[in-house]
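# Structure at a glance
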Amino acid sequence: MTSQKKNYVLPIAIMFALFFMIAFVTGYQNPLGDTIKKMTGDNMIMSQLGTLANFIAYAVMGLPAGLLLKKYGYRITALTAVTVGFIGVAITYASGFIGDNSTAVTIYILGAFVAGFSMCMLNTVVNPMLNSLGKDQKQGNQLVQFGGSCNSLGATLAPVIVGGLIGGAASTISSANPVFYMAMAIFLVAFLVLYFTKLPEPKTLGEKNNNVKTFGAFKYRNFVFGILAIFCYVGVEVGMANITTQYLNNDSLVSASTGASSLAIAGSVCGVYWLLMLVGRLVGGAIGGSVSSRAMLTFTTAVAIILIALGICLGQSPAPFFGFDASKFEFFSCTIPVNAICFICVGLCTSVMWGAIFNLSVEGLGKYTDVASGLFMVMVCGGGIFPLIQASIPDILNSFWLPAGLCFYMLIYALFLSYPSKKNLGDEHVYENNKRVEA
């Protein structure tokens, strides 16, 4: 057992790095969106195309990724994922060397789409792989929680580092080349380590289960409304960060003591949003054993609606804040509109929504739970669709009513639509006081 544990130290570290990269590669689309906006004549909608391409890939790859994992196991799926990720980042990197803006943007979007395939596959494999690397169920769950923390860290650093590196020179994709070098290097190292490391595979590898129909989960009401809730949730999570960044990237609204660019300030503020998500996840994990998923989702969606409404109505009075300039590697004091503080505090609420929605959606599904997980991954595409819709609303402040409306649907789901139909409760399992009881 000791030898086996030592052998898995490096793969566990790589899984943590991949968790980080999932968020980092997804997150750098946000500050790079400002570059795309400037390259296309300050078109706000164009700023969200990289994010859209990244998340639409989930809709295409969600189910195939699950089938790939089921047939070939963790190692092959992970190797495929990091290879595709390297190619996606390389395509994005190559777009910075093209002189024609329209061609460069097209290739950039293609790279974001290919990278999205990788993110989807990694999301499909990393959680169960980390769980299997633990010596028991408790340690496996602990590894997954640590991996989730690395994911939040990547999301926190992406806008700060990329925003600081690009700064005022946000008119060229090549300004972010150091970020692309780092991403490709981690993908390359991950591939080599995974290739030369033997990993445990699921006991059901290659087994066929003809009794489970792909769309059998759709007969469960709580699941049907639940995947719509997760579709809305990812739109809120990503949209709040992306559009707040675009809102703050305005020299008339923000200023810094060191003369840092508005993009660097916006990136730092967005980084705090993701940092608050990390804090929220830690708190949610600590209280999750005593607070039901329904109560947690009800409370957080209600608070999120209040915070967004306050952000829209409070106005743009200057408030003190802080930031980090990655290009100079120094902290700085700055002022931002007070309503932006309300927007970034929504990160505390969105932090626990995914887990709560997932738990409520799969309640009573039994043998359909694995299939449901793949369908959930498809609905992650909401993270690209809703920010694009929000970006198309001319008044940027009023555009935040969209995520407020999405939160309202999730609140209705928590209060009314998340209860399983009585006819379905007897199919697989009955739940009493959030504990499963065999039917």
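Residues numbered from 1 in each chain as written. Predicted model: local features only at pLDDT ≥ 70, side-chain atom pairs only at ≥ 80, totals over all residues. Heavy atoms only, no water.

### Details of the overall build of the protein
What counts here: A helix here means a DSSP run of H or I that spans at least four residues, while a strand means a run of E at least two residues long, and both kinds are numbered starting from the N terminus. Remark: exposure states derive from per-residue accessible area (1.4 Å probe, protein chains only) relative to the maximum for the residue type, with buried under 20%, exposed over 50%, and partly exposed in between.
Per the secondary structure count, the protein includes 16 helices and five strands. For the protein, the proportion of its 439 residues judged to be buried stands at 54%.

### Quick word on unusual backbone geometry
Trans peptide bonds make up most of the peptide bonds, and negative phi angles are found at most residues other than glycine. With phi around 55°, Asp-42 is a residue other than glycine that occupies positive phi space. With respect to the helices, strands and loops of the structure, Asp-42 is situated in the loop between helix H3 (29-39) and helix H4 (49-95).

### What about the packing of helix H8 (residues 221-248) against helix H9 (residues 262-287)?
Formally: Helix axes are fitted only over the stretch in contact, all axes being lines through C-alpha atoms; the angle between N-to-C directions runs from 0 to 180 degrees. When describing relative orientation, an angle under 35 degrees is termed roughly parallel and one over 145 degrees roughly antiparallel, while 65 to 115 degrees is termed roughly perpendicular and anything else oblique. Crossing handedness is read from the near helix: turned anticlockwise from the far helix by less than a right angle, it gives a left-handed crossing, and turned clockwise, a right-handed one. Note on definitions: a residue-residue contact is assigned when non-hydrogen atoms from the two residues lie within 4.5 Å. When residues are sorted by character, Ala, Val, Leu, Ile, Met, Phe, Trp, Tyr, Cys and Pro go into the nonpolar class, Asp, Glu, Lys and Arg into the charged class, and all the rest, Gly among them, into the polar class.
One way to put it is that H8 packs onto H9 with a least axis distance of 7 Å and a crossing angle of 155°. By the angle between their axes, H8 is roughly antiparallel relative to H9. The hand of the H8/H9 crossing is right-handed. Facing Tyr-233, Val-236, Glu-237, Met-240, Ala-241, Thr-245 and Leu-248 of H8, the residues of H9 in contact are Ser-262, Ala-266, Val-269, Cys-270, Tyr-273, Trp-274 and Met-277. Looking at side-chain class alone, the contact of H8 with H9 contains 11 nonpolar, two polar and one charged residues.

### Re helix H14 (residues 382-391)
Most of H14 is tucked away, with eight of its 10 residues classed as buried. Where H14 is concerned, the buried positions are Gly-382, Gly-383, Gly-384, Phe-386, Pro-387, Leu-388, Gln-390 and Ala-391. Summarising the contacts, the buried residues of H14 are in contact with H4, H8 and helix H15 (401-417).

### A word on the side chain of Ser-418
Rules: N or O atoms within 3.5 Å of each other form a polar contact, as long as, within protein, one can give a hydrogen and the other can take it, and as long as residues adjacent in sequence are counted only when both atoms are side-chain atoms.
Looking at the secondary structure, you find Ser-418 in the loop between H15 and helix H16 (422-425). From its side chain, Ser-418 meets the backbone oxygen of Ala-414 in a polar contact 3.2 Å long. Excluding residues within four positions of it along the chain, Ser-418 makes contact with Asn-222, Arg-294, Leu-360 and Tyr-413.

### Some remarks on the sheet that holds strand E2 (residues 318-325)
The criterion, for reference: By definition, two strands form a pair when at least two bridges between them are found by DSSP.
In space, the three strands of this open sheet follow the order E1-E3-E2, with antiparallel pairing throughout. Sheet topology places strand E1 (255-256) and E2 at the edges, where each strand pairs with a single neighbour. With two bridges joining them, E1 and strand E3 (residues 330-337) adopt antiparallel strand pairing. If you follow Ala-256 over to E3, its bridge partner there is Cys-334.

### Remarks on H15
An α-helix turns once every 3.6 residues. As a result, residues three or four positions apart point the same way. Put simply, the test is: Expected helix span is given by 1.5 Å per residue-to-residue step, counting one fewer step than there are residues.
End to end, H15 covers 22 Å across 17 residues, agreeing with the expected 24 Å (1.5 Å per residue, within 8%). Of the surrounding secondary structure, the elements contacted by the buried residues of H15 are H8, helix H10 (293-313), helix H12 (353-361) and H14.

### Some words on the packing of aromatic side chains
Test applied: Note on aromatic contacts: the rings of Phe and Tyr and the six-membered ring of Trp form a pair at centre separations within 6.5 Å, being stacked when their planes are under 30 degrees apart, edge-to-face when over 60 apart, and tilted otherwise. Think of it as a cone above the ring: NZ of Lys or CZ of Arg counts as a charge over the ring if it is within 6 Å of the ring centre and within 35 degrees of the ring normal.
The full count for this structure, using the stated rule, is 17 aromatic pairs. Taking the centre distance of 5.1 Å and the plane angle of 75° together, the rings of Tyr-93 and Phe-97 count as edge-to-face. Within the aromatic cluster, the residues linked to one another by ring pairs are Phe-218, Phe-223, Tyr-233, Trp-354, Phe-358 and Phe-376. It is Arg-294 that lies over the ring of Tyr-419; its NZ or CZ is 3.8 Å from the centre.

### With respect to the environment of Thr-40
Looking at the element boundaries, Thr-40 is found in the loop between H3 and H4. Note: C-alpha distance between Thr-40 and Ser-171 (131 residues apart in sequence) is 9.8 Å. Residues contacting Thr-40, with those up to four places away along its chain left out, are Met-46 and Val-105.

### Here's the deal with the confidence of the model for the protein
Keep this limit in mind: The predictor attaches a confidence to each residue, called pLDDT, with possible values from 0 through 100.
Residues at a pLDDT of 70 or more form 85% of the protein, whose mean pLDDT is 82. Across the protein, element-level confidence peaks in H15 with a mean pLDDT of 96 and bottoms out in strand E5 (residues 435-438) with 41. Considering only residues more than four positions removed or in separate chains, one finds that residues 1-5, a stretch of pLDDT under 50, has one contact. The model gives residues 428-439 a pLDDT under 50, and that stretch makes 23 contacts with residues more than four places away or in other chains.

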